Amino acid sequence: MLEDEFGDLIGKARRGLGISADELSRRSGVDEADIAAFEGYRKDPSRAQSDALAAVLGLEASRLWDIANETWEPAPAAGMVSGAYPVETVWYEGYRVWTYLVGDPESNVCLVVDPGGDADDTLAAIAGHGWEICAVLATHTHADHVGVLSAVVKDSDVPVYVGAGEVSAISTKARNVVGVSHRQGFSVGPWTIEPRLTAGHTAASTSYLIDDTIFVGDAMFAGSLGGTNIAGAYGGHIEAVRREVLSLPPATAIYAGHGAQTTVAEELAHNPFF
């Protein structure tokens, strides 16, 4: 299940580069009405159209076409961190978003990553395993990622880790909000966690590396890039993901906030932004 379709990919690249639909049409030779239809999910491109748009937008043409033609999806993730800690996925259809739980079967504690979907479903999944929350990791503070934070942590002192630049955005939602800095690791339960700044979607968007697994929020999706919401940050956004995520070992699992789970190897081979 890819989060982004062909129209999403060309729209994100076009907006990130600051290119209007009219300019993209003139430079690619693709009719502007067709571009609007692609971005509005009303029409599928031909191979020639896809290749022409890729050339202007700096996307890898064959990878873009594979997504347009629906011939690639990443293999399912293993669902374990370090082969020892199960990852439970909690889906919320309203935002089409994942909340992730990483559990330790020995101590029965868990991490909650991005509690933005349904609090009852999240708490039921935790209770179903007999786990207790030992920390929350927030990749950023948009509502679809922290909207049910208060209901999940309640009045506890469970630490909520978030990029230092976004602490104030959730300081009223939990008692113990802790700002994290780029590559300044910390330990929670049995895990050592390394926050990696992957700015672009927000200025303090942070991915969390735990051994062979990284939780990236909206920094990137399988086969795509997260939306760049900071003016002029598109190139830096791509480079941050390349440096902080896609430089990891090929087997590293990538858990994004939306869409399919993937790996570094899959993205290096199939993501048209890279």
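Everything below is about the structure shown above.
First, a word on what this report is: a plain description of the structure on this page. (Residues numbered from 1 in each chain as written. Predicted model: local features only at pLDDT ≥ 70, side-chain atom pairs only at ≥ 80, totals over all residues. Heavy atoms only, no water.)

Glancing now at the overall build of the chain. Helices and strands together make up the secondary structure of the chain, namely 11 helices and 15 strands. A compact globule built from 274 residues would reach a C-alpha radius of gyration of about 19 Å, and the chain, at 19 Å, matches this within 12%. The principal-axis extent of the C-alpha atoms belonging to the chain is close to 60 × 35 × 30 Å. Counting only residues that meet the buried cut, the chain has 54% of its 274 residues in that class. Contacts spanning at least 24 positions in sequence make up 58% of the contacts within the chain whose residues lie at least 6 apart. If you sum the accessible surface of the chain, you get close to 11,100 Å²; carbon and sulfur atoms cover 48% of it. When the 17 positive and 37 negative side-chain charges of the chain are each reduced to one mean point, those points stand 7 Å apart. (Helix = DSSP H or I, 4+ residues; strand = E, 2+ residues; numbered from the N terminus. Rg over C-alpha atoms; globule rule 2.2 N^0.38 Å. Buried < 20%, exposed > 50% of the residue type's maximum accessible area, 1.4 Å probe, protein only. Contact = heavy atoms within 4.5 Å. Areas by Shrake-Rupley, 256 points an atom, 1.4 Å probe, with all protein chains shown as cover. Lys, Arg positive; Asp, Glu negative; His and termini not counted. Charge placed at Lys NZ, Arg CZ, Asp CG, Glu CD.)

The set of residues buried in helix α2 (residues 21-28) consists of L24, S25 and S28. The arc that holds every buried residue of α2, seen down its axis, measures 100°, which confines them to one face. Structurally, α2 contributes buried residues whose contacts are with α1 (6-17), α3 (32-39) and α4 (47-57). (Arc of directions from axis to C-beta.)

If you trace the backbone, Q261 turns up in the loop between β14 (253-256) and β15 (262-263). One polar contact links Q261 to Y100, side chain to side chain, over a distance of 3.0 Å. Residues in contact with Q261, not counting those within four places in the same chain, are P74, A75, A77, W98, Y100, I254 and Y255. (Polar contact = N/O pair within 3.5 Å; in protein donor to acceptor, adjacent residues only side chain to side chain.)

This part is about the sheet that holds strand β8 (residues 186-188). Taken in spatial order, the six strands line up as β8-β9-β10-β11-β14-β15 in an open sheet, and their pairing is mixed. Two strands in the sheet have a free side with no partner beyond their single neighbour: β8 and β15. Note that strand β11 (residues 213-217) and β14 share four bridges and pair parallel. Across the sheet, the residue bridging to I214 is I254, located in β14. (Pairing = 2+ DSSP bridges.)

Now for the layout of surface pockets. Of the voids in this model, the largest pocket is the one considered here, and its volume is about 270 Å³. Lining the largest pocket are 16 residues; nearest its centre among them are E5, F6, I67, A68 and E70. Breaking the lining of the largest pocket down by element, the ones donating at least two residues are α1 and α5 (61-68). (1 Å grid on protein atoms, 1.4 Å probe; cavity = no way out; pocket = protein on both sides within 12 Å on 5 of 7 lines; lining within 4 Å. Points joined across faces, edges and corners; volume = space filled by probe spheres on them.)

This part covers the environment of Y208. Its location among the elements puts Y208 in strand β10 (residues 206-210). Under the relative-accessibility criterion, Y208 is labelled buried at 0%. Side-chain polar atoms of Y208 contact the backbone oxygen of A138, separated by 2.9 Å. Among the polar contacts made by the side chain of Y208, one reaches the main-chain carbonyl oxygen of Y161 at a distance of 3.2 Å.

This part takes up unusual backbone geometry. Unlike most non-glycine residues, E70 shows phi in positive territory, near 55°. Considering the arrangement of structural elements, one finds E70 in the loop between α5 and β1 (80-81). Its identity is not glycine, yet K154 carries a phi of approximately 55°, on the positive side. Within the fold, K154 resides in the loop between α8 (149-153) and β6 (160-163). We classify K154 as exposed; its relative accessible area is 53%.

Let us now look at the pairing of strand β4 (residues 109-113). Counting buried positions along β4 yields five of five residues, so the element is predominantly enclosed. Where strand β3 (residues 97-104) and β4 come together, five bridges link them in antiparallel fashion. Bridge pairing links D104 to V109 in β4. Following β3, the chain reverses through four residues before pairing antiparallel with β4; N108 in that reversal takes a positive phi of roughly 60°. For β4 and strand β5 (residues 132-138), the ladder comprises five bridges, and the chain directions are parallel. The residue bridging C110 from the neighbouring strand is I133, located in β5. Tracing the backbone out of β4, into helix α6 (residues 119-129) and back to the parallel element β5 gives a crossover that is right-handed. (Right-handed = clockwise from strand over helix to strand, strands pointing away.)

As a further point, take the packing of aromatic side chains. Working definition: an aromatic ring pair is given by the centre-to-centre distance plus the angle between the planes. Under the definition given, this model contains nine aromatic pairs. Each ring, one from Y100 and one from F215, has its centre 5.6 Å from the other, and the planes form 50°; the classification is tilted. Placement of the pair is Y100 in strand β3 and F215 in strand β11, with a sequence separation of 115 residues. Taken together, the ring pairs connect W91, W98, Y100, F215 and Y255 into an aromatic cluster. (Phe/Tyr/Trp six-rings, centres within 6.5 Å; stacked < 30°, edge-to-face > 60°.)

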